[in-house]
Amino acid sequence: MLRRLGIRIGVVVFGAVAAWTVVGTTNNVMTAKIVPQPAQIQTDDGELIVSAGVDIRVDDDEFTFAAEQLRVAFAKHGADADDADSATVIELARDDELSVESYTLEINERIRLRAATRAGMGHAVQTLRQLIFQFHRDDGRLVLPRLRIVDAPRFGYRGMHLDVSRHFFDVDFVKRYIDLIALHKMNYFHWHLTDDQGWRIEIKKYPKLTAIGSTRAGTVTGHSLSFGSELDGVEHGGYYTQDEIRDVVSYAAERGITIVPEFDVPGHASALLAAYPEFGCGPRPDVQTHFGIFKHVLCPKEMTFAFLDDVFGEIAALFPGPYLHFGGDEVVTDHWQSCDECRELMAREGMQGVAEIQSYFTRRIESILRAHGKRGIGWDEILADGIDPSTVVMAWRSVERGRLAAESGHDVIMSPVGHAYFDFYQSTSLDEPLAIHGLTRLRDVYAFEPEPDELAGEYRARILGGQGNLWTEYVDSAEAADRMVLPRMSALAEVLWSPKGQRSLDEFVARLGEFIPFLESQDYQVARSHLKPELSVIDTVDGGFRIAMDSEAGAIHYTLDGSLPDEESPVYSGPISVQGSATVRARTNIGDGHWYGDSRLSVEFHRAMTAKLTVGNGGEDDAKWLDARVLRDGVLASDRIFNYQEWAMFQDEAIVLRVSFDGPTEVSRVSVGIDAGQHRRLPRPRGVRIFGHNTNGEVRELYSATAETMETDQTRIVASFPVTRVTGLNIEILNAGTLWSAEKERMLPAAIVLDEIVVH
Ligand code: TNX
């Protein structure tokens with residue numbers, strides 16, 4: 001059948017419509033599921049059957065772009081009747097009473113969207129797009145619920161960041177990312193344009209920044225911190241010309257998105273210094289092929305500041321937004337320590353130590369930015385006495401750092417690891433792709449609160465909002481990037497947009513049931529990690545463990561024999577108890593043959609769990625060694641995603657672990673986890689020796705092995721010896737020797753990384 005969509009877009013002025021009030025949220029069968037949850041929805045009885053032809057009217061040229069977006073949305077999921085004369089009327093009207101980003105949406109006989117600004121109207125359109133998707137029917141009809149929405153954001157800054165240095169993403173991807181930001185009613189795009197692994201923006205006055213700085217010789221394969229990491233030998237490069245930047249800037253502006261460009265100084269500067277080593281204090285580096293924190297740093301001399309003035313000047317001219325991000329994170333001061341200019345500067349300025357050079361840098365950059373009419377944003381390391389209070393602090397190391405910044409007079413954007421780092425693992429399931437480290441589950445994002453309780457009321461207004469960060473060390477394709485941000489950014493969008501009191505994780509997950517297919521209908525890839533089982537030990541009792549399993553939806557099936565769970569396997573309904581040792585394997589079934597995850601948890605009850613453990617020459621003070629607790633919690637981390645919190649790391653050539661039992665105890669076998677199994681290769685110890693001691697203070701060697709003679713069961717060193725009565729064990733472990741550190745550019749003692757000391 002021939003479909004006709006009679007769409008008319010023209011500017012018509014229509015009269016004011018009587019104001020209406022909202023009486024709260026009601027539900028009927030046609031519950032609108034919108035992400036982020038609107039501030040107020042009132043669902044009326046009845047529905048609007050949208051005709052084949054929609055008549056889109058705008059009363060202000062500002063809204064033509066929004067109208068065009070709506071036209072496309074209706075064209076995709078239009079009603080199927082062929083009746084253009086009775087076209088459903090859709091009005092996009094200006095309402096100056098509304099605040100900057102707010103909007104109203106009414107659906108009754110017609111559809112009315114009102115806003116005071118292009119941004120507000122853009123948000124109204126995003127809501128309507130979701131409704132069109134949700135309520136279009138397979139038979140081609142579009143039947144919308146009658147409703148009234150009054151909506152406005154909780155925070156004014158709702159951002160998403162993208163690192164294009166570690167991996168380059170082309171203009172098409174960036175535009176698609178901007179669409180995604182707009183779709184989530186977010187309004188800032190933080191574009192991280194420079195870093196050690198590549199300079200990505202054309203600067204006319206300094207062509208070598210891109211000619212040399214945009215290309216690296218190769219990229220490390222696997223994790224940069226893996227033992228014996230290798231390069232792929234493939235050149236990686238790319239940058240944006242100034243014309244491309246202008247194109248992206250106007251693309252973003254049409255969608256109500258402001259871009260915050262970042263030029264990261266004075267650290268993370270290897271690519272810059274590969275091109276112009278004269279602005280550094282040390283030798284010329286290459287554009288980095290590994291990831292990490294490097295010591296190449298800009299030198300605080302006048303020619304550097306003249307260069308920074310030029311570069312920030314060109315950047316300021318390209319980006320019309322109010323902010324310019326100047327980085328300031330992870331500055332290594334080694335080169336400042338050994339440079340004459342720095343010593344002179346310190347004497348001249350009366351500085352107490354090299355660390356003060358960073359705040360000097362910050363102040364110089366602040367004045368450069370002021371001269372170019374911009375306000376600076378820096379990562380939380382910039383916080384120091386004497387910096388300009390109008391500089392915005394982006395708190396990434398913790399919410400607490402953001403609180404301190406707010407209380408010292410700065411505006412703050414909260415972007416903390418643990419809640420807003422979308423480069424971290426999304427679950428502990430073994431089928432997660434390699435990620436940098438850490439764990440930021442969907443529920444952790446949803447639990448993010450940008451205004452911490454501890455923050456005094458008078459400083460609340462200093463929290464401008466929050467931001468999600470996608471660092472791309474281990475994100476090398478459009479598809480991978482999508483899956484890292486979706487659906488986590490959807491949770492963040494709701495945290496930043498919706499009223500705090502309405503937040504409900506269950507309800508949000510239920511709305512994702514509609515929202516994820518909507519995202520997929522726009523060709524975005526969406527991860528389902530929140531459906532994968534999370535397994536954890538809730539307590540240890542009488543030689544056994546109680547284990548909990550959790551996922552945001554579906555039925556968790558599990559096995560205890562190591563096999564892959566299927567429909568026949570038991571369904572989790574509450575904590576299970578296992579005695580001695582066990583490996584639990586679990587997957588989530590959400591029906592229709594859809595299974596998610598491959599989550600495992602291996603536990604083993606053993607003698608060291610109830611003993612005292614000390615490390616090195618420390619006293620009987622177990623708690624001091626926070627790391628060491630994971631050595632005797634009964635959980636074997638070797639069949640889980642590498643999560644550094646589950647491993648104990650010692651930066652020593654050798655360590656001694658002392659296990660002291662309550663009384664004489666028979667032992668015959670000790671095993672120690674040394675292999676992370678998934679995504680991370682750890683350096684293997686060079687040797688291990690185990691000594692037993694008894695009540696008389698006698699010490700005797702029970703086991704000794706070198707790397708060559710050590711017995712392992714793949715992931716663990718296994719030391720067996722004749723049954724011996726001891727009151728304690730000393731377990732000596734030697735590290736793997738020295739290793740080349742790409743970050744430090746020198747040989748360093750390999751760390752000793754261990755898990756669970758199982759004693760039987
Ligand atoms: C720290 S967050 C960095 C980045 C890394 C990131 C990885 C920040 C200001 N600096 O350079 O990419 O961790 O999670």
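Residues numbered from 1 in each chain as written. Predicted model: local features only at pLDDT ≥ 70, side-chain atom pairs only at ≥ 80, totals over all residues. Heavy atoms only, no water.

(A) Molecular detail of the overall build of the chain. When helices and strands are counted, the chain shows 15 helices and 35 strands. Scaling as 2.2 N^0.38, a compact globule of 760 residues should have a C-alpha radius of gyration of about 27 Å, and the chain matches this with 29 Å. When its C-alpha atoms are laid out on the principal axes, the chain stretches across 100 × 75 × 50 Å. Here the chain holds 760 residues, and the buried ones make up 57% of them. Long-range contacts, defined here as pairs at least 24 residues apart, represent 72% of the contacts in the chain between residues at least 6 apart. Of the side chains in the chain, 76 bear a positive and 114 a negative charge, and the two mean positions are spaced by 1 Å. (Helix = DSSP H or I, 4+ residues; strand = E, 2+ residues; numbered from the N terminus. Rg over C-alpha atoms; globule rule 2.2 N^0.38 Å. Buried < 20%, exposed > 50% of the residue type's maximum accessible area, 1.4 Å probe, protein only. Contact = heavy atoms within 4.5 Å. Lys, Arg positive; Asp, Glu negative; His and termini not counted. Charge placed at Lys NZ, Arg CZ, Asp CG, Glu CD.)

(B) Seen up close, the sheet that holds strand E27 (residues 635–636). Strand order in the open sheet formed by four strands is E22-E24-E25-E27, with antiparallel pairing between adjacent strands. Looking at the sheet topology across the chains shown, the edges are occupied by strand E22 (555–559) and E27. Here strand E24 (residues 581–589) pairs with strand E25 (residues 595–604) via eight bridges, running antiparallel. Opposite Ala586, over in E25, you have Ser599 as the bridge partner. (Pairing = 2+ DSSP bridges.)

(C) Structural view of the site of the ligand. Taken together, Arg166, His268, Asp329, Glu330, Trp379, Trp396, Tyr421, Asp423, Phe424, Ile436, Trp471 and Glu473 are the residues near the ligand. In this structure, an oxygen atom belonging to the ligand sits 2.7 Å away from a side-chain N or O atom of Arg166. Between the ligand and the protein, one listed contact pairs a nitrogen atom with a side-chain N or O atom of Asp329 at 2.8 Å. Relative to its unbound accessible area of 360 Å², the ligand is 94% covered by the protein chains. (Near = heavy atom within 4 Å. Polar contact = N/O pair within 3.5 Å; in protein donor to acceptor, adjacent residues only side chain to side chain. Areas by Shrake-Rupley, 256 points an atom, 1.4 Å probe, with all protein chains shown as cover.)

(D) Structural detail: helix H3 (residues 171–183). Here H3 is 13 residues long and its end C-alpha atoms lie 18 Å apart, about the 18 Å a rise of 1.5 Å per residue gives. Counting buried positions over the 13 residues of H3 gives 10, a clear majority of the element. A positive phi of about 60° marks Lys185, the residue just after H3. (Expected span 1.5 Å × (residues − 1).)

(E) Highlighting the nonpolar core. Counting 113 residues, the largest nonpolar core has Phe189, Trp191, Leu209, Phe263, Leu308, Phe312 and Phe319 as its most contacted members. If you tally residues by element for this core, the top one is H3, at nine residues. In this structure, Phe312 is in contact with Phe263, Val265, Leu324, Phe326, Ile365, Ile368, Leu369 and His372, ignoring residues within four places of it in sequence. Core analysis: the second largest hydrophobic core is formed by 36 residues, Ile34, Ala73, Leu105 and Ile149 among them. (Core = buried A, V, L, I, M, F, W, Y, C linked by side-chain atoms within 4.5 Å.)

(F) Examining the pairing of strand E20 (residues 534–541) more closely. Looking at chain direction, E20 and strand E21 (residues 544–550) are connected through seven bridges and run antiparallel. The residue of E21 that forms the bridge with Val541 is Gly544. Following E20, the chain reverses through two residues before pairing antiparallel with E21; Asp542 in that reversal takes a positive phi of roughly 45°.

(G) The arrangement of the environment of Asn108 in detail. On the secondary structure map, Asn108 appears in the loop between strand E5 (103–107) and strand E6 (111–115). Taking C-alpha positions, Asn108 is 8.1 Å from Pro145, a pair spaced 37 residues apart along the chain. Contacts of Asn108, omitting those with residues within four sequence positions, involve Leu48 and Arg146.

(H) Up close: the packing of H3 against helix H5 (residues 242–254). Look at H3 against H5: their axes get within 10 Å of each other, and the N-to-C directions meet at 15°. It follows that H3 is roughly parallel to H5 by the angle criterion. Note on packing geometry: the crossing formed by H3 with H5 is right-handed. Across the interface between the two elements, Val171, Val174, Lys175, Ile178 and Asp179 from H3 touch Glu244, Asp247, Val248, Tyr251 and Ala252 from H5. (Axes fitted to C-alpha atoms, helices over the stretch in contact; angles between N-to-C directions. Parallel < 35°, antiparallel > 145°, perpendicular 65-115°, else oblique. Left-handed = near helix turned anticlockwise from the far one by under 90°.)

(I) Main features of unusual backbone geometry. For the bond running from Val35 to Pro36, omega is -5°, close enough to zero to count as cis. Here Pro36 lies in the loop between strand E1 (8–11) and strand E2 (40–50). In this model, Val265 is joined to Pro266 through a cis peptide bond whose omega is -5°. For Pro266, the position within the fold is in the loop between strand E14 (258–265) and helix H6 (270–275). With a phi angle near 45°, Glu330 is a residue other than glycine that sits in the positive phi range. Residue position: Glu330 is located in the loop between strand E15 (323–327) and helix H8 (334–337). Given the relative accessible area of 23%, Glu330 is considered partly exposed. With phi around 80°, Gln714 is a residue other than glycine that occupies positive phi space.

(J) Region of interest: the pattern of salt bridges. For the structure on display, the rule yields 50 salt bridges. Residue Arg154 is joined to Glu451 by a salt bridge in which the shortest nitrogen-to-oxygen separation is 3.5 Å. Of this pair, Arg154 sits in the loop between strand E7 (142–151) and strand E8 (157–163) while Glu451 sits in the loop between helix H12 (442–446) and strand E19 (463–470), placing them 297 residues apart in sequence. Note on Arg154: relative accessible area 23%, which makes it partly exposed. Of the charged contacts in the structure, one is a salt bridge between Asp340 and Arg343, with a shortest N-O distance of 3.0 Å. Here Asp340 and its partner Arg343 are both found in helix H9 (residues 340–349), three residues apart, which amounts to about one turn of the helix. (Salt bridge = Lys/Arg side-chain N within 4 Å of Asp/Glu carboxyl O.)

(K) A look at the side chain of Asp482. Mapped onto the elements of the fold, Asp482 is located in helix H13 (residues 478–485). Within the local environment of Asp482, its side chain forms a polar contact with the side chain of Arg176, the two groups lying 2.7 Å apart. The contacts of Asp482, once residues within four sequence positions are left out, are Phe173, Arg176, Asp523, Tyr524 and Gln525.

(L) Region of the structure containing the pairing of E19. E19 sits mainly inside the fold: eight of its eight residues count as buried. The pairing of E8 with E19 spans six bridges and is parallel. Residue pairing in the sheet places Arg158 in a bridge with Gly466 of E19. Here strand E18 (residues 412–414) runs beside E19; their pairing, made up of three bridges, is parallel. Residue pairing in the sheet places Ile413 in a bridge with Gly465 of E19.

(M) Examining the sheet that holds strand E9 (residues 188–192) more closely. Taken in spatial order, the eight strands line up as E8-E9-E14-E15-E16-E17-E18-E19 and close into a barrel, and their pairing is parallel. On average, each strand axis in the sheet is inclined to that of its neighbour by 30°, with strand direction left out of account.

(N) Broad picture of helix H11 (residues 399–407). Within H11, burial applies to Val399, Gly402, Arg403, Ala405 and Ala406. For H11, the angular spread of the buried residues around the axis is 165°, confining them to a single face. The inward-facing, buried residues of H11 contact strand E17 (392–395), E18 and E19. Immediately downstream of H11, the backbone of Gly409 shows phi near 100°, a positive value. (Arc of directions from axis to C-beta.)

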